[in-house]
Amino acid sequence: MAGVHWNSESPASDRHPEHDREIESLKEFDQVASTGSLAGYRIQSIDLMDRTFALLSTDTAESVFLGCAMEPDAAAKVRAGGALVFPPIPDLPFDPYRGSLYGPEALFEGLVDAGYDATPDALTYHWYQDTKSDGDIFASMLRSIHDDAVSDALDEHLAGAQVVGIMGGHALERGSAAYAGAARLGRRLARDGLTVATGGGPGAMEAANLGAYAAPFEDEMLDSALEILSKAPHFGPSITDWARAAFDVRRSRPGGGSSVGIPTWFYGHEPPNAFASHIAKYFVNAVREDGLLARSNAGVVFLPGAAGTVQEIFDNATPNYYQSRGEPTPMVLVNRAHWTEKLPTWPLLQALAVDRPMATRIALVDSVDEVPDALVRLRGEATS
């Protein structure tokens, strides 16, 4: 949480695990409480109803309890002992103090029996719609706490990882050649040892996460998955059918590879995809977009997209231009015709790069098959 890691947008490489005083599980709580002191720790979203004796007998000076259920006597004691206690908030469809990233099962709980509208993901979006414009500072505070907690969990998850971001449009349909190409790219990059990170939504984002999920399996697994998914090509007609097809793939081949999805409730019409093993879902889209790009320390791949992808290109180009995050990171744009004719972003990116260090970190390629070699080349130039 923010009390320990003040900059929620800091890349994973800037984290200092030795300074981490967060407790995010009962196992961690029991280990620390057994020393007789929780002083200075941040205890995050743990059910402590069965830990009353430990709380009554342990030093809690300057500790912070975030969303931890506990008996009234225990809560009174830890407050009297110098702790700050932020109690759980009843009737919320999400946990603002969560200590870990989401998984697809958590966001889509209830999908099979009751459909998408009954899932925590949909209920949270409706809560957001109801509260975002009413000016209630309490709801705004809860959203901010949640997003900061998610950023903290994301940094912890990505510590030490080589992350490659894959950006692309949400409209890309399952069953298309472009969707299959994005999935092959995600699989190749995951097999190369990179952590694939996407915007976590449908289309190209889902395809890249699917590819990473398929990475540990034989090549035929991806072909089979693409066939299953093609029966629900787009989320528009029915998010329920679209998501159920993804879980059919997961059930048929459990234990897939890991990747990260970073979606947002700001775009409520875009559901998260079920192939990202770790999901950092935000209320504030600007925090989500900048955080995804900032954490893509091994480079960013831009598949064909529309306005959102164009925005992401220049959101990434700006810190590369000014070197505000250090050395520029690789940028690879895919599909020459798209980025030079349909949406001529590449000429402007080239013009920005003239006489700047970023000039050797950008590339335009014709197909996804060229991306891995382009990333290797650009990363090599970055270190030469």
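By the naming in an unreviewed UniProt entry, the protein goes by LOG family protein and is assigned to Streptomyces endophytica.

Trainee: Explain the sheet that holds strand S7 (residues 260–261) residue by residue, including any values.
Mentor: Ordered by their spatial adjacency, seven strands build an open sheet running S8-S7-S6-S5-S9-S10-S11, and the pairing between neighbours is parallel. Where the open sheet ends on each side, the last strands, each with one partner, are strand S8 (278–279) and strand S11 (362–365). Summarising the sheet, strand S5 (residues 163–167) and strand S9 (residues 300–302) pair through three bridges and their orientation is parallel. Residue Gly165 lies in a different strand from S9, and its bridge partner there is Val300. Contacts between helix H12 (residues 285–295) and the sheet are confined to S5, strand S6 (195–198) and S9, with S5 contributing the most and set at about 135° to the helix. Relative to S11, helix H15 (residues 345–353) is tilted by about 155°, and along the sheet it contacts strand S10 (331–334) and S11.

Trainee: Mind laying out the sheet that holds strand S4 (residues 84–86), listing which residues take part and the relevant values?
Mentor: Within the open sheet, the four strands sit side by side as S1-S2-S3-S4. Their pairing is parallel. Unpaired on one side and paired on the other, strand S1 (22–23) and S4 mark the two borders of the sheet.

Trainee: Could you give me a rundown of the nonpolar core, with the residues and numbers involved?
Mentor: Among the nonpolar cores identified, the biggest contains 92 residues, and Leu210, Val301 and Leu303 are the most heavily contacted of them. Those residues within four positions of Leu210 in sequence are excluded, and the remaining contacts are Tyr179, Ala183, Leu222, Ala225, Leu226, Leu229 and Phe275. With 19 residues, the next largest nonpolar core counts Ile23, Val32, Tyr41 and Ala75 among its residues.

Trainee: Before we move on, could you go through a nonpolar patch on the surface and cite the residues and values that matter?
Mentor: A cluster of nonpolar residues, Ile137, Phe138 and Met141, forms a patch on the protein surface that exposes about 320 Å² of accessible area. Inspection of the secondary structure assignment puts Ile137 in helix H7 (residues 137–158).

Trainee: I'd love a proper account of the packing of helix H9 (residues 204–214) against helix H10 (residues 219–229), names of residues and values included.
Mentor: Running from N to C, H9 and H10 point in directions that differ by 140°, and their axes come no closer than 10 Å. On the basis of the axis angle, H9 is oblique to H10. Considering only the axes of H9 and H10, their crossing is right-handed. In this structure, H9 contributes Leu210, Tyr213 and Ala214 to the contact, and H10 contributes Met221, Leu222, Ala225, Leu226 and Leu229. Partitioning the contact of H9 with H10 into residue classes produces eight nonpolar, no polar and no charged.

Trainee: Lay out unusual backbone geometry in plain terms, naming residues and giving numbers.
Mentor: Unusually for a residue other than glycine, Ser45 sits at a positive phi of about 55°. Topologically, Ser45 is positioned in the loop between strand S2 (42–44) and helix H2 (52–56). You can call Ser45 partly exposed: its relative accessible area is 26%. If you check the backbone angles, Asp91 has positive phi at about 65° while not being a glycine.

Cut-offs used in this document
- Residues numbered from 1 in each chain as written.
- Predicted model: local features only at pLDDT ≥ 70, side-chain atom pairs only at ≥ 80, totals over all residues.
- Heavy atoms only, no water.
- Pairing = 2+ DSSP bridges.
- Helix = DSSP H or I, 4+ residues; strand = E, 2+ residues; numbered from the N terminus.
- Contact = heavy atoms within 4.5 Å.
- Axes fitted to C-alpha atoms, helices over the stretch in contact; angles between N-to-C directions.
- Core = buried A, V, L, I, M, F, W, Y, C linked by side-chain atoms within 4.5 Å.
- Buried < 20%, exposed > 50% of the residue type's maximum accessible area, 1.4 Å probe, protein only.
- Patch = residues over 30% accessible without salt bridge, like charges linked within 9 Å, V, L, I, M, F, W, Y side chains within 5 Å.
- Areas by Shrake-Rupley, 256 points an atom, 1.4 Å probe, with all protein chains shown as cover.
- Salt bridge = Lys/Arg side-chain N within 4 Å of Asp/Glu carboxyl O.
- Parallel < 35°, antiparallel > 145°, perpendicular 65-115°, else oblique.
- Left-handed = near helix turned anticlockwise from the far one by under 90°.
- Nonpolar A, V, L, I, M, F, W, Y, C, P; charged D, E, K, R; others polar.

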